[in-house]
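Each chain, letter by letter, is given below.
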Amino acid sequence: MTTAPTATPRPDLLRIPYDDYRALPAIANSDLSRLRDALNGRPPRPVTTSYGALGLGTAFHTALLEPDLYEPGQPGINDTLIWWMVDGVKLHPEVNQLLEIGTPEPSCIFTEPVTGTLCKLRADLIVDQPGQPYTIIDFKTTLARDHNHFVEQCSGYDYDRQAAFYADALQADRFLLVGVQKVEPFKIFVYEVPPLMRSEGRAKYLRLLRLLQPDAAVPQSVAGAVRDVRESLLGE
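Residues numbered from 1 in each chain as written. Predicted model: local features only at pLDDT ≥ 70, side-chain atom pairs only at ≥ 80, totals over all residues. Heavy atoms only, no water.

**Description of the packing of helix 2 (residues 29-39) against helix 7 (residues 159-170)**
Where helix 2 contacts helix 7, the axes come no closer than 10 Å and their chain directions differ by 140 degrees. What the angle tells us is that helix 2 and helix 7 run oblique. Of the two elements, helix 2 crosses helix 7, and the hand of that crossing is right-handed. Here Asn 29, Leu 32, Ser 33 and Arg 36 of helix 2 come into contact with helix 7, specifically with Arg 161, Gln 162, Phe 165 and Tyr 166. Tallied by class, the residues present in the contact of helix 2 with helix 7 amount to 3 nonpolar, 3 polar and 2 charged. (Axes fitted to C-alpha atoms, helices over the stretch in contact; angles between N-to-C directions. Helix = DSSP H or I, 4+ residues; strand = E, 2+ residues; numbered from the N terminus. Parallel < 35°, antiparallel > 145°, perpendicular 65-115°, else oblique. Left-handed = near helix turned anticlockwise from the far one by under 90°. Contact = heavy atoms within 4.5 Å. Nonpolar A, V, L, I, M, F, W, Y, C, P; charged D, E, K, R; others polar.)

Encoded structure:
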C-alpha cells in the first residue's frame, strides 16, 4: 500500500475563473490523464475552456455548481435534460445538504511533496465546516446501470487517482464520488472512496509525476510520448 505523503499546511483555496485556473503554470490531474493517454498510444483530447463547445458534463457541472454562469441554447446541449439531472441531485437529501454548505469550484496550487512537482487542482465542491470531516465531492455523469456498476467503473476511469491526488493535497478526510445518470431514471450513486482505493490511486499519480521528472528513466518504447507531453506541460 502506498502511504499518504507527510502532512504540510493545507493549501489555500482560490476562487478564480476556470480559464485563469487552466493558465496556472502547474500540473493538474487532467494533465496526468494526457500523459497516461500518450503512454497508451491514445490521441490527445481537446482542452475545454469556458468559451469552447460545451459537453454535457461541463454543462451539467455549470448548472449544478455555478448556475448563474449557465448559458442555455448551446449547440448539442439539451437544456431540459441538464436541469432534470440537477433536480435529481438536489432531491438527494445528503448531497443537497452538502451543496448548501459547501464551496463550489475552488482551486488551489500546491507542491506535491514526494516528487517536488508544482501541481494544481479544481474541486467540484468542498465542505469544510467545524465539527465535520473535511470532504471533497466530485460529480460524474454516468451511464452506469446501478451503484455497483458505477463503483466498478471508478478505477477504470482513474477516479481513484483523482481522489488520491485531491485528498492528499487538501488532507481531506473524505472524498465522495457522486454518479449522476444522464439517462432515465436519473439515479444518484454516492460512493465514498475507501483508503485502499485511494492508495492505489496514489501509486498511479506518483508514477506519472515521476515520469515528468527531467532525470526520469523512461522505457524507450514510450520515450517520445513522454517527451512530447513533458515539453507541452512544462515548456521544456
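**Focus: the pairing of strand 5 (residues 135-142)**
For strand 5, the buried fraction is high: 8 of the 8 residues fall into the buried class. By the alternation rule, side chains of strand 5 split into Thr 135, Ile 137, Phe 139 and Thr 141 and Ile 136, Asp 138, Lys 140 and Thr 142, which are all buried. Pairing of strand 4 (residues 125-127) with strand 5, which is carried by 3 bridges, proceeds in the antiparallel orientation. The partner of Leu 125 across the bridge, within strand 5, is Ile 137. As defined by bridge partners, strand 5 adjoins strand 6 (residues 174-181) across 8 bridges and the pair is classed as parallel. If you follow Phe 139 over to strand 6, its bridge partner there is Val 178. (Buried < 20%, exposed > 50% of the residue type's maximum accessible area, 1.4 Å probe, protein only. Pairing = 2+ DSSP bridges.)

**Side note on the side chain of Arg 174**
Within the secondary structure layout, Arg 174 lies in strand 6. Here the side chain of Arg 174 touches Thr 135 through a polar contact of 3.2 Å, side chain to side chain. In this structure Arg 174 touches Glu 94, Pro 133, Tyr 134, Thr 135, Ile 136, Glu 192 and Arg 198, once residues within four positions along its chain are discounted. (Polar contact = N/O pair within 3.5 Å; in protein donor to acceptor, adjacent residues only side chain to side chain.)

**Quick word on the pairing of strand 3 (residues 117-122)**
Across the 6 residues of strand 3, 5 count as buried, placing the element largely inside the fold. One ladder, built from 6 bridges, connects strand 2 (residues 107-112) with strand 3; its direction is antiparallel. For Glu 112, the partnering residue across the bridge sits in strand 3 and is Thr 117. In textbook terms, the turn of a hairpin is the stretch between consecutive antiparallel strands, and for strand 2 and strand 3 this stretch comprises 4 residues, one of which, Gly 116, has a positive phi near 70 degrees.

**Focus: the packing of helix 7 against helix 8 (residues 195-211)**
What describes two packed helices is the angle between their axes and the distance between those same axes. Relative orientation of the contacting elements helix 7 and helix 8 amounts to 85 degrees, with a least axis distance of 7 Å. Here helix 7 lies roughly perpendicular to helix 8, going by the angle between them. The residues of helix 8 that touch helix 7, namely those facing Asp 160, Arg 161, Ala 163, Ala 164, Phe 165, Ala 167 and Asp 168, are Met 197, Arg 198, Glu 200, Gly 201, Arg 202, Lys 204, Tyr 205 and Leu 208. Taken together, the residues that form the contact of helix 7 with helix 8 break down as 7 nonpolar, 1 polar and 7 charged.

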